[in-house]
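Below are the chains, spelled out letter by letter.
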Amino acid sequence: MNNSDLLKIANEFGSPLYVYDSEKIVSQYNRLTSAFKNVKQLKLNYAVKALSNVAVLKLMNSLGSGLDTVSVQEVQLGLMAGFKPEDIIFTPNGVSLEEIEEVAALGVQINIDNLSILEQFGTRNPNIPVCIRINPHVMAGGNSNISVGHIDSKFGISIHQIPHILRIVENTGMRVNGIHMHTGSDILDVEVFLYASEILFETAKNFEKLEFMDFGSGFKVPYKEGDIETNVEELGKKLTKRFNSFCKEIGRDLTLAFEPGKFLVSDAGYFLANVNVVKQTTSTVFASIDSGFNHLIRPMLYNSYHRIYNLSNPTGKERFYSVVGYICETDTFGSNRRINEISEGDILCFKNAGAYCFSMASNYNSRFRPAEVLWHEGKAHLIRKRETFNDLINNLVEPDIPMFQHKTEPELVKEAK
Ligand SMILES: *Cc1c(COP(=O)(O)O)cnc(C)c1O
């Protein structure tokens with residue numbers, strides 16, 4: 001898919017619009033599986049929350065991927081997409097026992113991340129095997145919003161509480177078939193990841209009936225030039241060696257699992273928006289697009305960087321712009337960006353808009369969420385319609401209070417008389 005394809009897609013489907021290139025998703029999937037080709041049993045569970053459109057889930061299913069889910073609704077989307085329950089893992093945080101039992105009843109692998117639920121779930125369902133999420137207390141990356149394995153993180157059961165886990169397992173007679181960690185969204189250093197893995201290997205020795213070890217995710221993808229990218233090939237080589245020797249040591253072949261989200265879909269996504277206004281101020285030139293953090297919140301929420309370029313004028317003279325949205329808040333997508341000269345009506349393209357972009361979109365300012373298009377084998381397929389006014393008012397309920405009742409115009413005229 002090239003820029004002229006994108007421009008055609010924008011013309012056909014309108015803006016703002018998300019476009020996903022299936023070929024890129026497939027190539028990232030293959031890159032990861034080939035990095036771990038020497039592991040006998042490898043399982044990639046795509047993290048649904050990154051991008052949950054059912055068409056994308058079906059693509060993942062066709063590749064042989066499993067799913068990593070965090071809500072019963074994501075599980076339902078996965079089942080809708082044709083996944084077998086046993087190819088789905090449920091890795092929630094802070095959800096109720098009822099929801100966990102509902103998901104377990106569907107036959108989905110449960111992953112538990114706190115002692116309270118572990119004890120209750122094991123007491124009530126000793127025959128359902130569970131995976132346990134460990135917090136190895138390793139600081140991955142510097143951003144505590146996306147680093148979830150460190151000591152203050154709410155995720156996982158502390159490795160210092162292993163004795164308590166073992167006591168619960170023994171007292172309830174439950175079976176632990178998997179052990180899991182997810183250190184955060186940034187593996188910048190393969191050695192740090194391997195260090196955390198050692199903690200998981202050490203923990204794994206406590207569970208005789210273990211079937212799989214899940215190393216979570218955290219594969220970092222480059223958002224701008226010069227960004228560090230997780231070296232998955234190096235990680236593959238080193239972790240495979242360690243994993244295989246561990247399997248030998250315990251005399252059993254385990255499954256090695258990962259839950260990549262961003263790595264599989266980030267770079268496959270493009271966000272297209274129309275420039276409504278070009279506004280020169282005393283200090284900068286603003287390009288205001290027909291979007292805001294209601295459609296793409298990562299720059300405002302995480303201070304993350306998305307490359308922005310002008311699809312409509314690719315050879316225009318470069319100038320500095322602040323790209324902002326149309327929401328009544330400060331919603332800056334990028335400041336001081338060097339972009340080919342922008343005119344009103346141009347289409348801007350945001351890179352790396354596959355992961356945590358549409359899935360975090362909202363209706364703030366009572367705007368519609370964008371449409372989504374999948375580019376597959378040279379063709380654009382609409383995979384989600386743009387919302388309409390009806391979507392905004394669908395769930396409204398008129399209270400049974402006279403002053404809230406909607407009156408027709410003739411009624412109002414009659415009353416006035
Ligand atoms: C969000 C999440 C992932 C995916 O993380 P990425 O950085 O998108 O790869 C994997 N596992 C768990 C438990 C998660 O919560």
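Residues numbered from 1 in each chain as written. Predicted model: local features only at pLDDT ≥ 70, side-chain atom pairs only at ≥ 80, totals over all residues. Heavy atoms only, no water.

Moving on to the overall build of the protein chain. In terms of regular secondary structure, the protein chain is built from 13 helices and 18 strands. For 417 residues, the compact-globule estimate of 2.2 N^0.38 gives 22 Å, and the C-alpha radius of gyration of the protein chain, at 24 Å, lies within 12% of that figure. Each principal axis of the C-alpha atoms in the protein chain carries an extent, and together these give about 80 × 65 × 40 Å. Split into buried and exposed, the 417 residues of the protein chain put 52% on the buried side. A separation of at least 24 residues holds for 67% of the contacts in the protein chain among residues at least 6 apart in sequence. About 19800 Å² of surface is accessible on the protein chain, with carbon and sulfur atoms providing 49% of the total. Taking the average location of the 42 positive side-chain charges in the protein chain and that of its 49 negative ones, the two points are 4 Å from each other. (Helix = DSSP H or I, 4+ residues; strand = E, 2+ residues; numbered from the N terminus. Rg over C-alpha atoms; globule rule 2.2 N^0.38 Å. Buried < 20%, exposed > 50% of the residue type's maximum accessible area, 1.4 Å probe, protein only. Contact = heavy atoms within 4.5 Å. Areas by Shrake-Rupley, 256 points an atom, 1.4 Å probe, with all protein chains shown as cover. Lys, Arg positive; Asp, Glu negative; His and termini not counted. Charge placed at Lys NZ, Arg CZ, Asp CG, Glu CD.)

Any two packed helices are characterised by the angle at which their axes cross and by the distance between the axes. Across the interface, helix α4 (residues 72–80) lies against helix α5 (residues 97–105) with an axial gap of 10 Å and an inter-helix angle of 15°. The angle between α4 and α5 falls in the class roughly parallel. Crossing angle aside, the handedness with which α4 passes α5 is left-handed. For the pair α4 and α5, contact is made by Val72, Gln73, Val75 and Gln76 and by Glu99, Glu102 and Val103, respectively. For the contact of α4 with α5, the per-class residue count stands at three nonpolar, two polar and two charged. (Axes fitted to C-alpha atoms, helices over the stretch in contact; angles between N-to-C directions. Parallel < 35°, antiparallel > 145°, perpendicular 65-115°, else oblique. Left-handed = near helix turned anticlockwise from the far one by under 90°. Nonpolar A, V, L, I, M, F, W, Y, C, P; charged D, E, K, R; others polar.)

Glancing now at the pairing of strand β18 (residues 379–384). Across five bridges, strand β17 (residues 371–376) lies against β18 in antiparallel orientation. Paired with Leu374 across the bridge in β18 is His381. If you look at the hairpin formed by β17 and β18, you'll find two residues sitting between the two strands, and Glu377 has a positive phi there, around 45°. (Pairing = 2+ DSSP bridges.)

This part takes up the pattern of salt bridges. This model, assessed by the stated rule, comprises 17 salt bridges. A salt bridge links Arg31 to Glu229; the nearest nitrogen and oxygen atoms lie 3.2 Å apart. With Arg31 in helix α2 (residues 22–35) and Glu229 in the loop between β9 (212–214) and α9 (232–250), the pair connects residues that are 198 residues apart, well separated along the chain. Take Arg31: its relative accessible area is 23%, and that puts it in the partly exposed class. For Glu229, a relative accessible area of 33% gives the class partly exposed. (Salt bridge = Lys/Arg side-chain N within 4 Å of Asp/Glu carboxyl O.)

Quick look at the site of the ligand now. Taken together, 13 residues surround the ligand, and among them Lys49, Ser217, Glu259, Lys262 and Tyr356 come closest. Take Asp68: an N or O atom from its side chain is 3.5 Å from a nitrogen atom of the ligand. Contact between the ligand and Gly261: an oxygen atom at 2.9 Å from a main-chain N or O atom of the residue. For the ligand, the accessible surface in isolation is 390 Å², of which the surrounding protein chains cover 94%. Taken together, the residues of the shell around the ligand break down into three nonpolar, five polar and five charged. (Near = heavy atom within 4 Å. Polar contact = N/O pair within 3.5 Å; in protein donor to acceptor, adjacent residues only side chain to side chain.)

On to the domain arrangement of the protein chain. Each assigned domain of the protein chain is listed with its residue range as follows: domain 1 (22–265) and domain 2 (269–388). The straight-line distance from the C-alpha centre of domain 1 to that of domain 2 is 32 Å. Each partner contributes to the interface: domain 1 provides 16 residues, whereas domain 2 provides 21 residues. In total, domain 1 and domain 2 occlude about 1700 Å² of area from one another, counting both sides; carbon and sulfur atoms represent 52% of this. When the area that domain 1 buries against domain 2 is broken down by residue, the three leading residues are Ser22, Asn53 and Tyr223, summing to 35%. One can count zero salt bridges joining domain 1 with domain 2. Linking domain 1 with domain 2 are nine residue pairs in polar contact (both at pLDDT 80 or more). When residues of the side of domain 1 that touches domain 2 are traced back to their parent elements, those giving at least two are α2, α3 (54–63) and α10 (262–265). Residue composition of the side of domain 1 that touches domain 2, by class: nine nonpolar, three polar and four charged. (Domains from an automatic or database assignment. Buried area = accessible area lost by both parts, 1.4 Å probe.)

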